[in-house]
Amino acid sequence: MLTRPPMPPSPVSAPVLPRPRRPAGARPAAPPFWRSLLPALALLALVTRLPSFRLPLWNPDEGYLAVQARILADGGVLYDTVVDRKPPLLPWLYETAFALFGDQSLLPLQLCAAAAQLLTAALLASIARRRWGDAAGRTAGVLHLFVSIGLNPEDAQAATFEVFILPFTVAAVWCADRGRWCGAGVAVAAAFLTKQTGGAVLAPVLFLLWRHGPLRGPLFRTAFGFCLPVLYAALLTGPHRFLFWTVTGSGSYASFTGSELHVLFRGLANTLILSFACAGLIPPVLRVLHVARTGAADLWLWLLGAAGAVVLGFHFFGHYYLQLVPPIVLLATAALHVLPWRWRSRAFLTSALTCTVFLAWGLLAPRPELAHVRKVAQEVKTRTEPRDRVLVWGMHPEAYWLADRTPASRYLTAGLLTNYSGGRNGPQVGEKYAMAGAWPVFRAEMAARPPALIVDDSRGKPFAPERVPTLRRLLAGGYEELTTVDGAVLYVRSPSAAPEPPR
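Residues numbered from 1 in each chain as written. Predicted model: local features only at pLDDT ≥ 70, side-chain atom pairs only at ≥ 80, totals over all residues. Heavy atoms only, no water.

K.L.:
How should the overall build of the protein chain be read in this particular structure?
P.N.:
On a plain count of helices and strands, the protein chain comes out with 21 helices and five strands. The long-range fraction of contacts in the protein chain, counting pairs at least 24 apart against all pairs at least 6 apart in sequence, stands at 76%. Accessible surface for the protein chain amounts to roughly 23,400 Å². Of this, 65% is attributable to carbon and sulfur atoms. (Helix = DSSP H or I, 4+ residues; strand = E, 2+ residues; numbered from the N terminus. Contact = heavy atoms within 4.5 Å. Areas by Shrake-Rupley, 256 points an atom, 1.4 Å probe, with all protein chains shown as cover.)

Structure below.
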């Protein structure tokens, strides 16, 4: 009789233990989203800004800031012994960097500019992730860095005002999106104290505040956060001087008269350049207008405010357009969130290709004006002693920095004295169009401390000495022509000139 073999004993199943609970108040481990995204964004930020390390500086704004920082480090006073139509935050940053790392190189500032773009990308990623999820966060961060160099390299790669505006403007929207109204006000103030047009981000902040609900408390906290840093900066620099040099003294600069076709052509050219850089972002934004609502009214308002900041002053310089990039990136991210995946792939590929074009432009393009200024600065350095004061009559203040010589005037370019600022070369250029009170101060400076050397770097532009009577008289009364360097004429004090007054 066959018997069934005994069945093997069934394995004893392990008891199911309850999942341990996280203690109340304990934070979860850092999500992989940031651990993977931040290193990638940091690497991309450095790669896209490689051209910025290629040259000692990229445009005259960097030279202006470098000269300001040296004067301030030597005991100068902002808006007094050195002046500009800009708020004080960036000159103070340059001064701090020079104090820590020396004033012979802008490398620390170029690294700060890369860090500013990285921070901007991370904040955009955080905003997009909060609204549309992890994939949108990665999209916004990467697309921003691709598009951030989508202008002429002298505009996109320079460590100047608009680059440092970006993290503050995005931080303002980031805070407002979370109901952190005091922080939003502080961020708007920081953007304004970097450059006046940074205050345009107040528009989306106020919209988010209105949409949030009760206005009284949030509005007070926003106003408090904004006013406190601005008032503090005004007290440090002198309220009257701060108001004049950041607001009331810029009327002639913000005028449309003079060279209208010239500036309009510049505006059209820079619009087309940025449109090419955004070739991967514009189609999804246009497409989504027909297929879905993204609930991005604040982003459209942000873009409108940034566009107003570009138009303000009617100069249309390329670096003005950088303020448009963050809202464009978030609008494109919102559109890609509701479109099929192939749209996102296409946007990434197109943006990467256009970024490569601008990266090659920055790495290969010649800089003839920088070569000219280097020649002039070398000649100035050879012809003068370190203690000598020099007047460079032109639009390249970096000549003082490259020559390591002290300016003879608080006005570092001919622009503030002739209204040539911004490349406007029409009929509104000359002594009578200067900033109010500038020429009496300039004449007093020349009488008290005549420069050892004067460089006429006008090279036929409307602010040439023959069109500026005060400068013409100064040259005729005590200077003789020494030499010419690449079109710039150098004048030295003649032996028959009156001796310099005692200090």
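K.L.:
Would you mind going over the pairing of strand S1 (residues 389-393) with me for this structure?
P.N.:
Two faces make up the sheet, and in a regular strand the side chains alternate between them. Buried residues dominate S1, accounting for four of its five residues. Pairing between S1 and strand S2 (residues 406-407): two bridges, direction parallel. In the strand pairing of S2, Arg 389 is matched with Thr 406. You can see the chain leave S1, run along helix H18 (residues 398-403) and come back into S2, and the turn it takes is right-handed. (Buried < 20%, exposed > 50% of the residue type's maximum accessible area, 1.4 Å probe, protein only. Pairing = 2+ DSSP bridges. Right-handed = clockwise from strand over helix to strand, strands pointing away.)

K.L.:
Can you walk me through the nonpolar core in this structure?
P.N.:
General note: in soluble globular proteins, nonpolar side chains tend to be found buried as a group. Among the nonpolar cores identified, the biggest contains 143 residues, and Tyr 94, Leu 274 and Leu 330 are the most heavily contacted of them. Not counting residues within four places of it along the chain, the set of residues in contact with Leu 330 comprises Leu 124, Ile 127, Ala 128, Trp 132, Ala 140, Leu 299 and Trp 302. (Core = buried A, V, L, I, M, F, W, Y, C linked by side-chain atoms within 4.5 Å.)

K.L.:
For this particular structure, what's the right way to read the pairing of strand S5 (residues 488-493)?
P.N.:
Strand direction decides the pairing type here: strand S3 (residues 453-456) and S5, joined by four bridges, are antiparallel. Counted as the bridge partner of Leu 453 is Val 492 from S5. Relative to S5, strand S4 (residues 479-485) runs antiparallel, the two being bridged by six bridges. Bridging from a neighbouring strand, Glu 481 pairs with Tyr 491 of S5. The hairpin formed by S4 and S5 contains two residues between the paired strands, and Asp 486 there has a positive phi angle of roughly 50°.

K.L.:
Help me out: how do you make sense of the confidence of the model for the protein chain in this one?
P.N.:
Interpretation of this model should avoid reading the predicted coordinates in detail wherever pLDDT is low. Scored by pLDDT, the protein chain has a mean of 90; 88% of the residues are at 70 or more. Note that pLDDT drops below 50 for residues 1-5; the model gives that stretch zero contacts with residues more than four away or on any other chain. Counting contacts from residues 7-20, a segment whose pLDDT is below 50, to residues more than four positions away or on other chains yields zero contacts. (pLDDT = per-residue confidence, 0-100.)

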